[in-house]
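Close look at the chain arrangement
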Protein chains: 2
Amino acid sequence: MQSFELDKTDFSRIKNALNSDNASLQAVLSEYHASEIAILFERLSDEDRQRIINLLSVEIASEVISEMHEETHPEELLLMLHPDKRTEIVEELDYDDAADIIAQLEVEEQQELLDDLSEDDASNIRNLLSYQEDTAGGLMNTEFIRINLNLTKKDAIDEIIRQSEEMEEFYTIYVIDDANIFQGIVSLKDLLKAKGNVNISELVKAEVAWVSPDTDQEEVARLISQYNITSIPVLAEDMRLLGRVTFDDVIDVLEDENTEDILKISGVSEDEELSGNWREAVKSRLPWLIINLATAFLASAVVRFYEPTLAKIAVLTAYMTIIAGMGGNAATQALAVTVRRISLYDLTDHQAYRTVLKEFTVGMINGAATGLIVLVFSLIFDSNPLMGLVIFLAMTGNLVVAGIAGAAIPLLLKRVGIDPAIASSIIITTFTDIFGFFLLLGLASRLLL
Amino acid sequence: MQSFELDKTDFSRIKNALNSDNASLQAVLSEYHASEIAILFERLSDEDRQRIINLLSVEIASEVISEMHEETHPEELLLMLHPDKRTEIVEELDYDDAADIIAQLEVEEQQELLDDLSEDDASNIRNLLSYQEDTAGGLMNTEFIRINLNLTKKDAIDEIIRQSEEMEEFYTIYVIDDANIFQGIVSLKDLLKAKGNVNISELVKAEVAWVSPDTDQEEVARLISQYNITSIPVLAEDMRLLGRVTFDDVIDVLEDENTEDILKISGVSEDEELSGNWREAVKSRLPWLIINLATAFLASAVVRFYEPTLAKIAVLTAYMTIIAGMGGNAATQALAVTVRRISLYDLTDHQAYRTVLKEFTVGMINGAATGLIVLVFSLIFDSNPLMGLVIFLAMTGNLVVAGIAGAAIPLLLKRVGIDPAIASSIIITTFTDIFGFFLLLGLASRLLL
């Protein structure tokens, strides 16, 4: 919707307002949703962010902070604020949001910040900090509606209203027994329909998906998306209800996973910040390039091995680059399709076999098609049919190998429990380089010398 | 959660059950959630799918059909069923799910299927079929809770209960006036808290995000994720309430977009079905390979141009492959990071400039680092310092260009309104090939001859 897309005019309005007095700045800010201000922050200086946060009500300020993208570093903004303001904001935050932000700080900074909080808040946040960031425990929110199995409809509704005071939005009503053991959920619809004297235990739906605190976030996302549920309960080993993960956390997880997949498959460490500085980028990419260099030396060793052939038939060098390049690209294509397919479906051995077979066929056809083009080109310029044949065979052979490697390597990695995306284009392409050189130069020295 | 992950035993249980009588098959099926059966279908033959659907209650059967992944072709399964059974199932489906599935059929098949439905259902589905699949109209569901602005609390709750009968789950209560013009939403919490005589008009929240039927699905996803809302209303130009898009549709959209991005950046047409056959794969990939071949000819032309140099210094051929390969990979890294960053944030001109500058620096450092390694290698094997220098300069220069190209090309595409992911590794890598060859062989012929 145009009307909800922040555009240049919004940014310039804020910029102008920042040059005028607080009153008019406040007036402009009041027209934006907290999540919109969070986006505007991406383009503002720390000073401006600080000034705006100080002008906003604690409610809005904390919402802005919680909506700020991890890469815009809300934790640093918090540190800049006056300790009292900071404490107000943190106590206003949902525990899970507070924990996520505080987790980014140094341990001493965390201590300092937590010591200013109420005992209750501090311990709740400390508790959440103890979970891995990429697990259900790390994602879960500990504020949600929980009612006792033995309440009557009337008491239950009163209880729901009372508990919902503290939270903006509740999605699911969880049912527990006196020992806080999870019993299931009750649909608000059923509750409203029920007669006044009915007991919650008669309405509870016990058959629901749940996760434990150490469940991986991808699995949490899979379950929420598979069962189309707005939130999923997080249970301790003794089935005590610890918290819930909501659909909006899962949407964020999916965005992050998307980023990781694309980076990994392109030979970038998944933890490189997209907006990170050059130091982080070098740290994340140089290792991969050095791995690639090692394999590239292998490829060049093949070339050195066939130097005599190349010396006699210099034009082979030109075709060498074409065939190697095409192989690399065909392999990247097969890799992308296979990696993505693995991450969406879990394939049977038979399906895995069929996938490799398919890529073999595709490589054969695409190799023959492009090989034919190069063959014609060679006949015209080199007027040597045998040369044309060698090139055609090398192209076809290399694209077949590219297809098989692009499909088989990620499938094998998956089989042995390694993330298939690690079979990045970097690895695959040098693999096809080596083979392409072997094929072309080997055939050439057999047939052309 | 282990307990919710379908594993081999589940599949073999179904397989065995399929070999026994219907009664025991039904017994086994009854233990699985519809969405789980949909996943099991991915591995079953059409015959088995058909048999299972016929054994399930209409409610479950329609849920299974609606949960089947597009690529497992629920529409084909529908066609195989007995017309009466099929009609029962389609009438049980949510309109949006029915429309999505029917949209996959031939026009005649659509007609035939729709003619069997009740007038009301048929017209509702026809209406949804008229929207583009990747727009809010294509995603929206037309069944949701809508109450009149002038109802009292008591009547509103009765109305909500009445309307919620037909739907499994309602997320948001939409408020309309007598002319079905959208007025806003009312939170169930506020409604329950309100006094009995209060009027909905006093509780309605008018300031909510909305979309129109032709809003792109990515924009819908962005809004739902930005405002953390379970559903977003779809409004006609006159603000009539047409439908709503829910968070679970958005989760599916994100998965699809993720697939598209990875395929595009790897030089595969976004519409290639991951589990498609080899014909589709060839159709989707061969054009890209031919584009690549054209550019590869350019690269090889550079090589041909420098043939004399290569003839004199054969070893250059080996280094050529290393430098070109490294350049291609460095470019792919820069490309992946930039493309992903563009799709998550919209960058200011200044930020775009900074991005290119960063990739320049990264290329410089990674180029110098890897160039140094090759330099040392060359000093040992070629014992020619000048040769080492040429290789070092070529590697550094090529990785600098790779970084600039990998960042600048997608940014420019975005600026002119083209999907940045089109700047696939295919285009980028041949670009760096050409430049790498020029740099190495050009320098060599200047400094080494």
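Identification of chain A as Magnesium transporter MgtE from Pedobacter quisquiliarum is taken from an unreviewed UniProt entry. Chain A has a UniProt comment under Sequence similarities (unreviewed entry) that states "Belongs to the SLC41A transporter family." Entered under Function (unreviewed entry) in the UniProt record, the comment concerning chain A runs "Acts as a magnesium transporter."

1. Re the overall build of chain A
For chain A, the count of helices and strands is 22 helices and five strands. What you see for chain A is a C-alpha radius of gyration of 30 Å, clearly larger than the 22 Å of a compact globule of 449 residues, by over 25%. Principal axes of the C-alpha set define a box for chain A whose edges measure 90 × 60 × 45 Å. Taken over 449 residues, chain A has a buried fraction of 57%. The long-range fraction of contacts in chain A, counting pairs at least 24 apart against all pairs at least 6 apart in sequence, stands at 66%. Considering chain A, the positive charge centre built from 33 side chains and the negative charge centre built from 75 side chains are found 8 Å apart.

2. Observations regarding the UniProt feature "domain: CBS" (unreviewed entry) in chain A
The UniProt record marks residues 140–202 and 203–260 of chain A with the feature "domain: CBS" (unreviewed entry), using the residue numbering of this structure. With 45% helix and 19% strand, residues 203–260 of chain A has end C-alpha atoms that lie 42 Å from one another.

3. What to know about the relation of the copies chain A and chain B
Expressed as a screw operation, the relation of chain A to chain B combines 0.0 Å of axial shift with a rotation of 180 degrees, fitting to an RMSD of 0.1 Å. The relationship between the two copies is best expressed as a two-fold rotation axis. Comparing contact sets, 100% of the residues at the interface of chain A also lie at the interface in chain B, consistent with an isologous, same-surface contact.

4. Digging into the sheet that holds strand S2 (residues 173–176) of chain B
All names here are of chain B. Ordered in space as S1-S2-S3, the three strands form an open sheet in which the pairing is mixed. At either end of the open sheet lies a strand with only one pairing partner, and these are strand S1 (145–148) and strand S3 (182–186). Looking at each pair of strands side by side, their axes are set apart by 35 degrees on average, direction ignored. Of the pairings in the sheet, the one linking S1 to S2 comprises four bridges and is parallel in character. When the bridges of S2 are listed, Ile145 appears paired with Ile173.

5. Description of helix H10 (residues 119–129) of chain A
Residues and elements named next belong to chain A. Of the residues making up H10, those classed as buried are Asp121, Ala122, Asn124, Ile125 and Leu128. In a view along the axis of H10, the buried residues occupy a sector of 165 degrees, so they form one face of it. Turning to H10, the residues buried within the fold contact helix H7 (83–92), helix H8 (95–102), helix H9 (107–115) and helix H11 (136–139).

6. Topic: the side chain of Arg43 of chain A
Structurally, Arg43 of chain A can be placed in the loop between helix H3 (34–41) and helix H4 (46–55). On the basis of relative accessible area, Arg43 of chain A is assigned to the buried category, the value being 18%. In contact with Arg43 of chain A, not counting residues within four places along its chain, are Phe11 and Lys15 of chain A together with Asp346, Leu347, Thr348 and Gln351 of chain B.

7. A look at the interface of chain A and chain B
If you look at the interface, chain A gives 122 residues, while chain B gives 123 residues. When chain A packs against chain B, the two sides together hide about 10,900 Å² of surface, and 64% of this comes from carbon and sulfur. Taken together, the links from chain A to chain B amount to six salt bridges. Between Asp382 of chain A and Arg304 of chain B there is a salt bridge, with its nearest N and O atoms 3.6 Å apart. Linking chain A with chain B are 27 residue pairs in polar contact (both at pLDDT 80 or more), by the criterion used here. Ranked by the residues each element gives to the side of chain A that touches chain B, the list is headed by helix H19 (residues 316–344) of chain A, at 18 residues. Residues of the side of chain A that touches chain B, tallied by class, amount to 63 nonpolar, 33 polar and 26 charged.

8. Points about the environment of Ile313 of chain A
Residues and elements named next belong to chain A. As for its placement among the helices and strands, Ile313 is situated in the loop between helix H18 (307–312) and H19. For the pair Ile313 and Met387, spaced 74 residues apart in sequence, the C-alpha separation works out to 9.8 Å. Residue contacts for Ile313: discarding those within four places in its chain leaves Met387, Leu448 and Leu449.

9. Some remarks on the UniProt feature "transmembrane region" (unreviewed entry) in chain A
Residue and element names in this part refer to chain A. With numbering aligned to this structure, UniProt lists the feature "transmembrane region" (unreviewed entry) at residues 286–306, 318–339, 360–381, 387–413 and 425–444. Taken as a whole, residues 318–339 contains 100% helix and 0% strand, while its terminal C-alpha atoms sit 32 Å from one another. Taken end to end, residues 425–444 is 100% helix and 0% strand, and its two terminal C-alpha atoms sit 28 Å from one another.

10. Topic: the sheet that holds strand S2 (residues 173–176) of chain A
All names here are of chain A. As summarised here, the arrangement of the three strands in space is S1-S2-S3, forming an open sheet in which the pairing is mixed. Two strands bound the open sheet, and with one partner strand each, they are strand S1 (145–148) and strand S3 (182–186). The sheet shows a mean angle of 35 degrees between the axes of neighbouring strands, taken without regard to direction. As paired elements, S2 and S3 share four bridges and run antiparallel to each other. When the bridges of S3 are listed, Ile176 appears paired with Phe182. Where helix H12 (residues 153–164) meets the sheet, its contacts fall on S1 and S2, and the angle it forms with S1 comes to roughly 150 degrees.

11. What to know about unusual backbone geometry
Residue and element names in this part refer to chain B. In the Ramachandran plot, Asn228 falls in the positive-phi region, its phi being about 50 degrees despite a non-glycine side chain. Along the polypeptide, Asn228 turns up in the loop between helix H15 (217–226) and strand S4 (231–235). Phi is positive for Ser383, which is not a glycine, with a value near 40 degrees. Relative to the helices and strands, Ser383 is located in the loop between helix H20 (349–382) and helix H21 (385–415).

12. Some details on the domain arrangement of chain A
Domain boundaries assigned for chain A yield domain 1 (8–130), domain 2 (145–246) and domain 3 (278–447). Here the C-alpha centroids of domain 1 of chain A and domain 3 of chain A sit 50 Å apart.

13. Brief notes about the pairing of strand S5 (residues 241–246) of chain B
Residues and elements named next belong to chain B. When you tally the buried positions in S5, you get six out of six residues, the bulk of the element. The sheet contact formed by S4 and S5 spans five bridges and is antiparallel. In the strand pairing of S5, Leu235 is matched with Leu241. Here S4 hands over to S5 after five residues, with Met239 in that stretch at a positive phi of 70 degrees.

14. Structural notes on the packing of aromatic side chains
The geometry of an aromatic ring pair is captured by two quantities: the separation of the ring centres and the angle between the planes. Throughout the structure, instances matching the rule amount to 15 aromatic pairs over all chains. Linked through ring pairs, Phe297 of chain A together with Tyr319, Phe377 and Phe381 of chain B together constitute an aromatic cluster. A cation sits over an aromatic face here: Arg146 of chain A above Phe144 of chain A, 4.0 Å from the ring centre.

15. Thoughts on the environment of Val416 of chain B
Residue and element names in this part refer to chain B. With respect to the helices, strands and loops of the structure, Val416 is situated in the loop between H21 and helix H22 (425–447). A residue is classified by how much of its surface remains accessible, and Val416, at 61% relative accessible area, is exposed. On a C-alpha basis, the gap between Val416 and Leu439 in space is 30 Å, while along the polypeptide they are 23 residues apart.

16. A look at the pattern of salt bridges
Evaluation of the coordinates by the stated rule reveals 32 salt bridges over all chains. The partner of Arg285 of chain A in a salt bridge is Glu359 of chain B, with the nearest N and O atoms 2.7 Å apart. In this pair, Arg285 of chain A sits in helix H17 (residues 278–305) while Glu359 of chain B sits in helix H20, so the two residues belong to two different chains. For Arg285 of chain A, a relative accessible area of 2% translates into the label buried.

17. Let's talk about a nonpolar patch on the surface
Residue and element names in this part refer to chain A. Among the surface-exposed residues, Leu386, Leu389, Leu393 and Leu447 lie close enough to one another that they form a single nonpolar patch of about 290 Å² accessible area. Among the elements that make up the nonpolar patch, the one with the highest residue count is helix H21 (residues 385–415) (three residues). Counting through the fold element by element, Leu447 comes out in helix H22 (residues 425–447).

18. Things to note about the packing of helix H1 (residues 8–18) of chain B against helix H2 (residues 22–29) of chain B
Residue and element names in this part refer to chain B. Two elements in contact, H1 and H2, have axes separated by 8 Å at closest approach and are oriented at 160 degrees. Put simply, H1 runs roughly antiparallel to H2. Crossing of H1 against H2: the hand is left-handed. Every residue of H2 that contacts H1 at Arg13, Ile14, Ala17 and Leu18 is listed here: Leu25, Val28 and Leu29.

19. Digging into the packing of H22 of chain A against helix H19 (residues 316–344) of chain B
Running from amino to carboxyl end, H22 of chain A crosses H19 of chain B at an angle of 155 degrees, the nearest separation of the two axes being 10 Å. Judged by the inter-axis angle, H22 of chain A sits roughly antiparallel to H19 of chain B. At the point where H22 of chain A passes H19 of chain B, the crossing takes the right-handed sense. Here H22 of chain A contributes Ser425, Ile426, Thr429 and Phe437 of chain A to the contact with H19 of chain B, which in turn contributes Thr321, Asn329, Thr332 and Gln333 of chain B.

Criteria and cut-off values
- Residues numbered from 1 in each chain as written.
- Chains lettered and ligands numbered in written order.
- Predicted model: local features only at pLDDT ≥ 70, side-chain atom pairs only at ≥ 80, totals over all residues.
- Heavy atoms only, no water.
- UniProt positions renumbered as here; feature names shortened; annotations may be inferred.
- Helix = DSSP H or I, 4+ residues; strand = E, 2+ residues; numbered from the N terminus.
- Rg over C-alpha atoms; globule rule 2.2 N^0.38 Å.
- Buried < 20%, exposed > 50% of the residue type's maximum accessible area, 1.4 Å probe, protein only.
- Contact = heavy atoms within 4.5 Å.
- Lys, Arg positive; Asp, Glu negative; His and termini not counted.
- Charge placed at Lys NZ, Arg CZ, Asp CG, Glu CD.
- Least-squares fit on C-alpha atoms with pLDDT ≥ 70 in both.
- Pairing = 2+ DSSP bridges.
- Axes fitted to C-alpha atoms, helices over the stretch in contact; angles between N-to-C directions.
- Arc of directions from axis to C-beta.
- Buried area = accessible area lost by both parts, 1.4 Å probe.
- Salt bridge = Lys/Arg side-chain N within 4 Å of Asp/Glu carboxyl O.
- Polar contact = N/O pair within 3.5 Å; in protein donor to acceptor, adjacent residues only side chain to side chain.
- Nonpolar A, V, L, I, M, F, W, Y, C, P; charged D, E, K, R; others polar.
- Domains from an automatic or database assignment.
- Phe/Tyr/Trp six-rings, centres within 6.5 Å; stacked < 30°, edge-to-face > 60°.
- Lys NZ or Arg CZ within 6 Å of the ring centre and 35° of its normal.
- Patch = residues over 30% accessible without salt bridge, like charges linked within 9 Å, V, L, I, M, F, W, Y side chains within 5 Å.
- Areas by Shrake-Rupley, 256 points an atom, 1.4 Å probe, with all protein chains shown as cover.
- Parallel < 35°, antiparallel > 145°, perpendicular 65-115°, else oblique.
- Left-handed = near helix turned anticlockwise from the far one by under 90°.

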